[in-house]
Structure formats: C-alpha cells, structure tokens
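# Commentary on secondary and tertiary structure
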Amino acid sequence: MMNLALLLTYNHRLISTAAILDVFESVNNMYTVSQQAPVFNIQLVLPDQKEVDMFPHYGRYNTVTIKEAAKPDLVLIPAFIAGDVDMAIAANSTFIPWLRQHHHAGAEIASFCTGAFLLAATGLLDGKPATTHMNACRAFAGHFPDVLLQPDRVLTSAAGIYTSGGATSTFHLLLHLVEKYCGQDMSVKAAKLFAIDMDRETQSYFGMFLPEKKHADPLISEVQQRMESCFQEARNVESFMENIPASRRNFVRRFKQATGITPIEYLQKTRIEAAKKMLEQTSNSILTVMLDCGYNDIKAFRKVFRKEVGLTPTEYRLKFAGSRNANTSLALEM
C-alpha cells in the first residue's frame, strides 16, 4: 500500500482537497469492487495536534500531525485560497523542512494549482519546471526566479516532483499519478468516472490579462489608462507617449518596473483580451473582431492570438462562446 500524505495547509481550498480525496478514494473503491486490495493509504497531515481539532469535516479520514504521519511515498499539496502569498507561505512554514526531509528520503511531491508556492518555498523546485494557476504566474515568477516556470503547461514532472495548473488541471495531474502508480487502464477508468478529457496539454486559453495597477508611478498609470481606453485607434505604442515628460528609454524602464511587462506587451495583451471578449459575446466575424481591437493584418492577428491564447480565434470562440455563436461561419479561418 502506498502512503499518501495530503497536507491540510492553512487557507487551503476545500474544492482542491475534495478533488484529491475523491479521485484516490474512487480508485481504491474500484480495486475493492474488483476484489483487489486498495492501493492508497490516505493520511491528512497537519502541523500539530491542536490543528487536528479545527477540521471536524475531515473526521472520517485518518488525520495526523507531521510527527505522527507514516513515512509518505507521495505528498500532496492542495491549492490555497487567493490572497497574500507571503502570508500563506509563512503560515505554512512548519511544512517546509518536513517536505525537504521526506523528499530527500525518497518521497515524491505533487502540488496543485497555487500549492506550488509552498512547494517552491522549499527550494525543491529550483532549476526544475513548474506551473500554477495562470493568474498567479506573475507573482510566482517574482517570488521564485530560480524555478523554470511554464505558465501554459497543464502539469509538469521532474525528478519525482509534480505541479499542476489552475483549478480543473488538478484532475489531469491526478490522472497522471494514477497512471504512474496503477497503470493506464485504471487511469482511463478514473477519467471516464470523472468525465475528464485526457488530452489537454495547455491552460493558456484560461488565462486573463490582469494588469498590475497597484504601483506608485502616476505617469505609468496615466499611460495604462490611455492604452485601455484607446487601444483600437492607436497605431503603435509611441502614440500613447505623446506629451509624456520622459525619454523613451526611461519610460520603457519605468513601465516595465511598474507593470512587469513592456509597453508593447501591455498593448498587445490589452488588445487580445478585448478580442477574446468580442469572440465570447458577439457573433461578429473574425475580420470585424480584428479591426475592432486595433489590428489590420489578419495573418498577424491570428499569429499573435494563437501565441497569447494557445488557440486560433475560431477555436477560442467554439470553446467559450456557447451555442449562440458556435455555428457562426468564419470564412477567414478556413
């Protein structure tokens, strides 16, 4: 039997722990139904005894402290509730040496969604690939520059350490782990049970452009407002720099320092985010969407859109616009 240690971290997301427990319990049940021994011994692990009493809704599980936990073969780190990353890491710092100790002793570790922040805080991800929720990638990169962040990946695997992207990507990593420990047949059965498409390779189309605005540079804030209100009409970034009391070089430096990206990237992401909303909410042709978001070359637009989103405009519409727009004929995409 494999010992699984699911960490009940401070501020963990209940939906994350529920998904993890549901998949491994269901796999165990499928073995039991076929008159075979269950594969996974599931332990819920907390820092100390006083914390055990704080989670009565986990009462039917084997809930233990880090001192009581059986030596784990696989440690699972659930997602955090959105909030202050530094606070979340500090609140869960007791787990950090424990994670290092057991990984060095041979345990594998898997983090789900924003649980990657705690895993990265151990240093075990340095020099290794990792992913997390798309909207948390900028913060993750800022906190852990030595990790090889791959924002578009659904999951990563290296040297017995696994990470998954946001939300439902949890299930893709869980299926990956089930396949590793139980074989492809059981992984397929689990995929069918939970109605999970097994072929998703990217999560980039779930991302949203959420520009950094909590900075103290009023000049950059002004330019951000200009870009967001006039991106359709502007021909280039320079048009937003008119009457700006700064050299181009100094402006670009300040802009990247404040927002984390260059002005050109900011304008491009603003336009593509607008295009995504048009594709979701209207039946306008791809050509009309392209023109309405400030582009004038269909090939260039499609190339940029696919690079940013991971899908063509038509594929994006079919995925997110619903039946209202799904059957729209788009000759330019043929």
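Residues numbered from 1 in each chain as written. Predicted model: local features only at pLDDT ≥ 70, side-chain atom pairs only at ≥ 80, totals over all residues. Heavy atoms only, no water.

The next thing to look at is the nonpolar core. The biggest cluster of nonpolar side chains holds 34 residues, and the ones touching the most others in it are M227, C293, F301 and F305. Contributing elements (two or more residues each) for this core: α9 (218–230), α10 (248–259), α11 (263–281), α12 (286–292) and α13 (298–309). Considering every element that reaches this core, the biggest residue donor is α11, with 7 residues. Contacts of M227, omitting those with residues within four sequence positions, involve V237, F240, F255, P263, Y266, L267 and T270. (Core = buried A, V, L, I, M, F, W, Y, C linked by side-chain atoms within 4.5 Å. Buried < 20%, exposed > 50% of the residue type's maximum accessible area, 1.4 Å probe, protein only. Helix = DSSP H or I, 4+ residues; strand = E, 2+ residues; numbered from the N terminus. Contact = heavy atoms within 4.5 Å.)

On to the environment of Q36, then. Topologically, Q36 is positioned in the loop between α1 (14–33) and β2 (40–46). Among the polar contacts made by the side chain of Q36, one reaches the side chain of S34 at a distance of 2.9 Å. (Polar contact = N/O pair within 3.5 Å; in protein donor to acceptor, adjacent residues only side chain to side chain.)

Residues given the UniProt feature "domain: HTH araC/xylS-type" (unreviewed entry) here are residues 221–319. In residues 221–319, helix accounts for 68% and strand for 0%; the two terminal C-alpha atoms are 34 Å from one another. (UniProt positions renumbered as here; feature names shortened; annotations may be inferred.)

Turning next to the sheet that holds strand β3 (residues 62–65). In spatial order, the strands read β3-β2-β1-β4-β5-β9-β8; together these 7 strands make up an open sheet with mixed pairing. One side of each edge strand has no neighbouring strand; the edge strands of this open sheet are β3 and β8 (155–158). Sheet twist, expressed as the mean angle between neighbouring strand axes with direction ignored, is 20 degrees. Relative to β3, β2 is paired through 4 bridges, and the arrangement is parallel. Note that in β3 the partner of L44 across the bridge is T63. Relative to strand β1 (residues 2–7), helix α4 (residues 95–104) is tilted by about 160 degrees, and along the sheet it contacts β1, β2, β4 (74–77), β5 (108–111) and β9 (161–164). Together, β1, β2, β4, β5, β8 and β9 form the strand contacts of helix α7 (residues 169–182), whose direction differs from that of β9 by roughly 150 degrees. (Pairing = 2+ DSSP bridges. Axes fitted to C-alpha atoms, helices over the stretch in contact; angles between N-to-C directions.)

If you walk through the whole model with that rule in mind, you get 10 salt bridges. Between E228 and K213 there is a salt bridge whose closest N-O contact spans 2.9 Å. Of this pair, E228 sits in helix α9 while K213 sits in the loop between α8 (184–193) and α9, and the two are 15 residues apart along the sequence. Given a relative accessible area of 46%, K213 falls into the partly exposed group. Between E238 and R248 there is a salt bridge, with its nearest N and O atoms 2.7 Å apart. On the criterion of sequence distance, the pair formed by E238 in the loop between α9 and α10 and R248 in helix α10 is long-range, its members being 10 residues apart. (Salt bridge = Lys/Arg side-chain N within 4 Å of Asp/Glu carboxyl O.)

The subject of this paragraph is the domain arrangement of the chain. If you check the domain split of the chain, you get domain 1 (2–206) and domain 2 (218–321). Centre-to-centre, using C-alpha coordinates, domain 1 lies 35 Å away from domain 2. Together domain 1 and domain 2 conceal approximately 490 Å² of surface at their shared face, both sides included; 57% is due to carbon and sulfur atoms. Where domain 1 touches domain 2, the interface holds 0 salt bridges. At the boundary of domain 1 and domain 2, one finds 0 residue pairs in polar contact (both at pLDDT 80 or more). Broken down by class, the residue content of the side of domain 1 that touches domain 2 amounts to 2 nonpolar, 1 polar and 1 charged. (Domains from an automatic or database assignment. Buried area = accessible area lost by both parts, 1.4 Å probe. Nonpolar A, V, L, I, M, F, W, Y, C, P; charged D, E, K, R; others polar.)

It is worth spelling out α13 at this point. In this model, α13 (12 residues) spans 16 Å end to end at C-alpha, consistent with the 16 Å of a helix rising 1.5 Å per residue. When we look at burial in α13, the residues that qualify are F301, V304, F305 and V309. Viewed end-on, α13 has its buried residues packed into an arc of 110 degrees, placing them on one side of the element. Among the exposed residues of α13, those oriented more than 90 degrees off its buried face are K299, K303 and K307. Those residues of α13 hidden inside the fold are in contact with α11, α12 and α14 (313–320). Capping the start of α13, D297 holds a side-chain oxygen 2.9 Å from the backbone nitrogen of K299, two or three residues further along. Immediately beyond the C-terminal end of α13, within one or two residues, lies G310, with a positive phi of roughly 90 degrees. (Expected span 1.5 Å × (residues − 1). Arc of directions from axis to C-beta.)

Right, let's get into the environment of F144. Mapped onto the elements, F144 comes out in the loop between α6 (137–143) and β7 (148–149). Along the chain, F144 and G294 lie 150 residues apart, while their C-alpha atoms are 35 Å from each other. Not counting residues up to four positions away in its chain, the partners in contact with F144 are I89, F117, A120 and A121.

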